[in-house]
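Below, each chain spelled out in residue letters.
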Amino acid sequence: MVDLIMKDILGTPAILVGLFALVGLLLQKKDVANVISGTLKTIMGFVILGAGAGVLVGSLDNFSSMFDHAFEIQGIIPNNEAIVALAQEAFGAETAMIMLFGMVANIVLARITPFKYIFLTGHHTMFMACLIAVILSTGGFSGATMIITGSVILGSLMVLLPALLQPFTRKITGSDDFAIGHFGSFGYLIAAAVGKAVGKNSKSTEEIKVPKTLNFLRDTSVSVSLTMALLFFVVALFTGPSFIESELSGGTNFLVFSFMQALTFAAGVYIILAGVRMLLSEIVPAFKGIADKVIPNAIPALDVPAVFPFANNAVIIGFFFSFIAGLLSMFLLPLLGLKVIVPGLVPHFFTGAAAGVFGNAAGGRRGAVFGSMANGVIISFLPALLLPVLGTLGFEGTTFGDADFGVVGIVLGNMIALLSSKTAFLAIVGVLLAAIFVGASMFKRSKEQNEVDDKPEAS
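Reading the values: the criteria
- Residues numbered from 1 in each chain as written.
- Predicted model: local features only at pLDDT ≥ 70, side-chain atom pairs only at ≥ 80, totals over all residues.
- Heavy atoms only, no water.
- Helix = DSSP H or I, 4+ residues; strand = E, 2+ residues; numbered from the N terminus.
- Buried < 20%, exposed > 50% of the residue type's maximum accessible area, 1.4 Å probe, protein only.
- Expected span 1.5 Å × (residues − 1).
- Core = buried A, V, L, I, M, F, W, Y, C linked by side-chain atoms within 4.5 Å.
- Axes fitted to C-alpha atoms, helices over the stretch in contact; angles between N-to-C directions.
- Parallel < 35°, antiparallel > 145°, perpendicular 65-115°, else oblique.
- Contact = heavy atoms within 4.5 Å.
- Nonpolar A, V, L, I, M, F, W, Y, C, P; charged D, E, K, R; others polar.
- Polar contact = N/O pair within 3.5 Å; in protein donor to acceptor, adjacent residues only side chain to side chain.
- Phe/Tyr/Trp six-rings, centres within 6.5 Å; stacked < 30°, edge-to-face > 60°.
- Lys NZ or Arg CZ within 6 Å of the ring centre and 35° of its normal.
- Pairing = 2+ DSSP bridges.
- pLDDT = per-residue confidence, 0-100.
- Left-handed = near helix turned anticlockwise from the far one by under 90°.

Novice: Can you help me understand the overall build of the protein chain in this one?
Specialist: When helices and strands are tallied, the protein chain shows 15 helices and 5 strands. Put simply, the protein chain has 459 residues, and 52% of those count as buried.

Given below as structure tokens:
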């Protein structure tokens with residue numbers, strides 16, 4: 001029963017999001033037809049998004065194989081799914097319990113604090129629960145103490161990180177209909193800060209002017225196809241036909257294979273955008289029931305592709321420049337005595353694309369370029385710095401990829417190493433979380449009061 005609930009239901013993002021839509025529609029007392037339709041379409045939107053991600057990742061895996069063979073790069077490849085799979089044998093039960101009670105803590109904190117965010121990205125919740133379990137175990141935590149401590153930390157992250165990003169998310173979407181619930185938040189926040197610093201008077205990526213003869217490039221699918229075809233062809237020429245045709249393409253000409261992989265990537269992006277549109281059209285109105293009846297003003301925190309449709313050009317610019325920054329970082333890391341982190345195409349696409357969107361919102365085209373490059377550096381250096389605090393998992397050939405895993409793991413791991421007792425660790429974590437919630441709440445109320453005071457009086 002525990003496996004059914006934790007792995008098959010709560011561990012399946014589409015079903016988790018669908019359950020929240022179902023509850024929201026029931027609380028609004030919608031008729032049976034609307035409840036069934038809204039719930040199924042919400043799940044379907046997430047399934048479509050996942051299917052697009054699967055198509056895209058398959059293409060990126062082929063690109064990564066070609067790239068690694070061409071340039072004979074050896075190092076650590078960040079991959080959340082891989083590191084969690086390795087950790088499950090030793091920390092599977094703890095991960096499941098921290099995930100379950102972390103979600104409960106998220107709901108409680110959203111109810112009693114000003115931060116009304118419900119984190120709906122189930123797989124990232126599981127990844128963070130696993131990281132927290134691993135870090136706490138290295139400090140000697142176990143049993144109920146580990147689960148309670150981990151759950152409070154996880155639940156706090158699930159409301160605080162979407163809140164931290166929301167001013168920029170609101171700028172992207174023009175509303176508070178949803179937030180971003182994805183543990184790459186520090187990368188996006190820094191991308192937005194860099195964009196704001198460098199992007200004064202820079203036009204949006206979505207205002208890029210092209211000659212009439214090149215108007216077809218305004219079509220996102222076409223521009224993505226051509227961009228990826230160029231990347232695939234360049235890497236294919238360095239890789240050579242023998243490896244591609246014997247190991248990847250099943251005998252298909254290496255250039256034809258590369259071209260089709262580029263189109264496959266573009267198809268994946270197209271499917272993701274279609275899934276996001278369907279998901280948002282259903283989850284936002286369905287969530288109104290939860291906001292009205294259970295958690296006043298509740299806001300769903302969704303997976304990061306939710307912002308992709310708001311700046312299609314920034315998505316591709318962000319991915320490209322985040323990956324470039326990852327390549328540059330790969331050569332800098334050993335000079336600083338750190339492990340080589342090979343840029344993973346999957347984290348650089350999803351977090352780099354999002355960083356491009358956030359950077360563009362804060363600083364236009366320059367913001368998209370330099371903001372995504374900042375993200376590329378962050379998701380290269382943080383995994384290298386995280387390795388020493390992962391215990392025996394730090395000796396594996398992979399690690400956690402996105403920015404928040406690095407920040408949380410490094411902070412918690414070093415706190416445990418520096419403090420002499422579990423009691424001191426628990427006390428400091430409790431004080432820090434309390435201070436963050438109280439301080440942020442006071443700042444939020446002060447800001448709201450200033451907005452009220454600034455409004456002109458009705459004549």
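Still more to cover.
Novice: Explain helix α5 (residues 122-138) to me, please; I cannot follow it from the model alone.
Specialist: Side chains three or four residues apart in an α-helix point the same way, a direct result of the helix having 3.6 residues per turn. With 17 residues, α5 should reach 24 Å at 1.5 Å per residue; the first-to-last C-alpha distance of 25 Å fits that figure. In terms of burial, α5 is a largely internal element, 13 of the 17 residues being buried. Two residues or fewer after α5 comes Gly140, characterised by a positive phi angle close to 90 degrees.

Novice: Is there a simple way to explain the nonpolar core in this structure?
Specialist: The nonpolar side chains of a soluble globular protein tend to be buried, and buried together. Counting residues in hydrophobic clusters, the biggest one holds 130 residues, and the most contacted among them are Phe308 and Phe349. When residues of this core are assigned to their parent elements, the largest contribution, 14 residues, is made by helix α13 (residues 345-386). One finds Ile76, Leu333, Phe381 and Leu387 within the second-largest nonpolar core, a separate group that totals 6 residues.

Novice: Hey, could you run me through the packing of helix α4 (residues 80-112) against α5 in this one?
Specialist: Packed helices, taken two at a time, are described by the angle between their axes plus the distance between the axes. Between α4 and α5, the shortest axis-to-axis distance is 6 Å and the interhelical angle comes to 100 degrees. In terms of axis orientation, α4 runs roughly perpendicular to α5. For the pair formed by α4 and α5, the contact residues are Asn80, Glu81, Val84, Ala87, Gln88, Phe91, Glu94, Thr95, Ile98, Met99 and Met103 on the first element and Gly122, His124, Thr125, Met126, Phe127, Ala129, Cys130, Ala133, Val134 and Ser137 on the second. Counted by class, the contact of α4 with α5 contains 12 nonpolar, 7 polar and 2 charged residues.

Novice: For this particular structure, what's the right way to read the environment of Leu338?
Specialist: Along the chain, Leu338 falls in the loop between α12 (312-332) and α13. Residues Leu338 and Leu385, spaced 47 residues apart in sequence, show a C-alpha to C-alpha distance of 7.5 Å. When neighbours within four sequence positions are excluded, Leu338 is seen to be in contact with Leu333, Phe381, Ala384 and Leu385.

Novice: So what exactly am I meant to see when it comes to helix α3 (residues 32-71) here?
Specialist: Taking 1.5 Å of rise per residue, 40 residues should cover 58 Å, and α3 covers 58 Å from first to last C-alpha, within 8% of that figure. Two or three places before Ala33, at the opening of α3, Asp31 has a side-chain oxygen 3.1 Å from that residue's backbone nitrogen. Backbone geometry just after α3 places Glu72 at a positive phi near 50 degrees.

Novice: Hey, could you run me through the packing of aromatic side chains in this one?
Specialist: Describing an aromatic ring pair means giving the distance of the ring centres and the angle of the ring planes. Within this structure, the stated rule accounts for 17 aromatic pairs. Judged by centre distance (5.1 Å) and plane angle (80 degrees), the ring pair of Phe349 and Phe350 falls under edge-to-face. Residue classification places Phe349 among the buried residues on the basis of a relative accessible area of 1%. On the basis of relative accessible area, Phe350 is assigned to the buried category, the value being 13%. By way of ring pairs, the aromatic residues Phe265, Phe308, Phe319, Phe349 and Phe350 are connected into one cluster. The residue whose ring lies beneath Lys422 is Phe141, and the NZ or CZ to ring-centre distance is 5.8 Å.

Novice: I tried to follow the sheet that holds strand β4 (residues 299-302) on my own but got confused; where do I start?
Specialist: Paired through backbone hydrogen bonds, the strands of a sheet run either parallel or antiparallel to each other. Taking strand neighbours across the sheet as the criterion, the 3 strands line up as β2-β4-β3 in an open arrangement whose pairing is parallel. Across the chains shown, the open sheet's two edge strands, defined by having one partner strand only, are β2 (117-119) and β3 (179-180). Pairing analysis gives 3 bridges linking β2 to β4, with the strands arranged parallel. Directly across from Tyr117, in β4, lies its bridge partner Ile299.

Novice: Which parts of the structure should I look at to understand unusual backbone geometry?
Specialist: Among all residues except glycine, the phi angle is most often negative; among peptide bonds, the trans geometry is most common. Located in the positive-phi region is Lys29, a residue other than glycine, with phi close to 55 degrees. Topologically, Lys29 is positioned in the loop between α2 (13-27) and α3. For Asn297, which is not a glycine, the phi torsion comes out positive at approximately 65 degrees. Structurally, Asn297 can be placed in the loop between α11 (288-293) and β4.

Novice: How should I be thinking about the side chain of Thr399 in this particular structure?
Specialist: Mapped onto the fold, Thr399 is located in strand β5 (residues 398-399). Aside from chain neighbours lying at most four places away, what touches Thr399 is Ile76, Ile77, Pro78, Asn79, Asn80, Ile83, Pro383, Leu386, Leu387 and Leu390.

Novice: What am I meant to see in the confidence of the model for the protein chain here?
Specialist: It should be kept in mind that the predicted coordinates are not to be read in detail where pLDDT is low. Per-residue pLDDT for the protein chain averages 85, and the proportion of residues at 70 or more is 90%. Mean pLDDT values for the elements of the protein chain range from 58 in helix α1 (residues 2-9) up to 96 in helix α7 (residues 185-198).

Novice: Just checking my understanding: could you explain the environment of Leu433 for this structure?
Specialist: Positionally, Leu433 belongs in helix α15 (residues 422-454). Residue classification places Leu433 among the buried positions, given a relative accessible area of 16%. A C-alpha to C-alpha distance of 8.2 Å links Leu433 and Ile153, two positions 280 residues apart in sequence. If sequence neighbours within four positions are ignored, Leu433 has contacts with Val152 and Ser156.

Novice: Would you mind showing me how to read the side chain of His182 here?
Specialist: Mapped onto the elements, His182 comes out in the loop between β3 and α7. Residue class for His182 comes out buried when judged on its relative accessible area of 5%. Here His124 takes part through its side chain, which lies 3.3 Å from a polar atom of the side chain of His182. For His182, the side chain forms a polar contact with the side chain of Tyr188, separated by 2.9 Å. Residues within four places of His182 in sequence aside, it is in contact with Phe119, His124, Tyr188, Asp303, Val304, Thr351, Asp402 and Asp404.

Novice: Would you mind showing me how to read the packing of α3 against helix α10 (residues 254-286) here?
Specialist: One way to put it is that α3 packs onto α10 with a least axis distance of 7 Å and a crossing angle of 160 degrees. What the angle tells us is that α3 and α10 run roughly antiparallel. The two elements α3 and α10 meet at a crossing, and its hand is left-handed. Taken together, the residues that form the contact of α3 with α10 break down as 20 nonpolar, 12 polar and 2 charged.

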